[in-house]
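# Analysis of the macromolecular model
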Amino acid sequence: MDRADESAAPAARALAVALKYAPGDLAPRVVAKGRGLIAEEIIARAKEHGVYVHESPELVALLAQVDLDAHIPPALYLAVAELLAWLWRIESREYPPV
């Protein structure tokens, strides 16, 4: 790896936020977040468990500001709702009704 690659490596390291939403919850909750190796582990574990990983640097940066175990703020409801609706559409195509 040359010097240029080394200087780019920290910027290339991921930032990840994991959300959990269950019926009855007021809003999705931040259940994990991290940068670098922690982000990579969050992403790896999500993929291991079949959890979809969406890449939106802007949304992740905003969600990373939310405290762990806190509900997302109302200002992010629309963005997260659109993401969840999109994900639901993708998953419903993968698993058509029997």
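Residues numbered from 1 in each chain as written. Predicted model: local features only at pLDDT ≥ 70, side-chain atom pairs only at ≥ 80, totals over all residues. Heavy atoms only, no water.

Should pLDDT be low for a region, the predicted coordinates there are not to be read in detail. On average, the protein scores 83 in pLDDT, and the residues at 70 or more come to 82%. The secondary-structure element of the protein with the lowest mean pLDDT is helix α1 (residues 3-12), recorded at 42, while strand β2 (residues 29-35) shows the highest, at 96. (pLDDT = per-residue confidence, 0-100. Helix = DSSP H or I, 4+ residues; strand = E, 2+ residues; numbered from the N terminus.)

With that out of the way, let us pick up the nonpolar core. Grouped burial of nonpolar side chains is what soluble globular proteins tend to show. Counting 10 residues, the largest nonpolar core is built from Val17, Ala27, Val30, Leu59, Val60, Leu63, Val66, Ile72, Leu76 and Val80. Apart from the residues within four sequence positions on either side, valine 30 is in contact with Val17, Ala18, Leu19, Leu63, Val66, Asp67, Leu68, Asp69, Ala70 and Ile72. (Core = buried A, V, L, I, M, F, W, Y, C linked by side-chain atoms within 4.5 Å. Buried < 20%, exposed > 50% of the residue type's maximum accessible area, 1.4 Å probe, protein only. Contact = heavy atoms within 4.5 Å.)

Along the chain, leucine 26 turns up in the loop between β1 (15-20) and β2. Separated by 45 residues in the primary sequence, leucine 26 and histidine 71 place their C-alpha atoms 7.6 Å from one another. Not counting the four nearest positions on each side in its chain, leucine 26 is found in contact with His71 and Tyr77.

Attention now moves to the pattern of salt bridges. It is possible for side chains of opposite charge to pair when their charged atoms get near one another. Scanning the model with the defined rule gives 2 salt bridges in all. Of the charged contacts in the structure, one is a salt bridge between aspartate 69 and arginine 29, with a shortest N-O distance of 3.7 Å. In this pair, aspartate 69 is assigned in the loop between α3 (57-63) and α4 (77-94) and arginine 29 in strand β2, connecting sequence segments 40 residues apart. Ionic pairing is found between glutamate 41 and arginine 45, a salt bridge with its closest N-O pair at 2.8 Å. Highlighted residues: glutamate 41 and arginine 45, both in helix α2 (residues 37-48), separated by 4 residues, approximately one helical turn. (Salt bridge = Lys/Arg side-chain N within 4 Å of Asp/Glu carboxyl O.)

The final tally for this structure, using the stated rule, is 1 aromatic pair. Ring centres of tyrosine 52 and tryptophan 86 lie 5.4 Å apart, and the angle between their planes is 65 degrees; on these two criteria the pair is classed as edge-to-face. Taken together, the positions of tyrosine 52 in the loop between α2 and α3 and tryptophan 86 in helix α4 put the pair 34 residues apart, joining distant regions of the chain. Exposure remark for tryptophan 86: the relative accessible area of 29% places this residue in the partly exposed category. (Phe/Tyr/Trp six-rings, centres within 6.5 Å; stacked < 30°, edge-to-face > 60°.)

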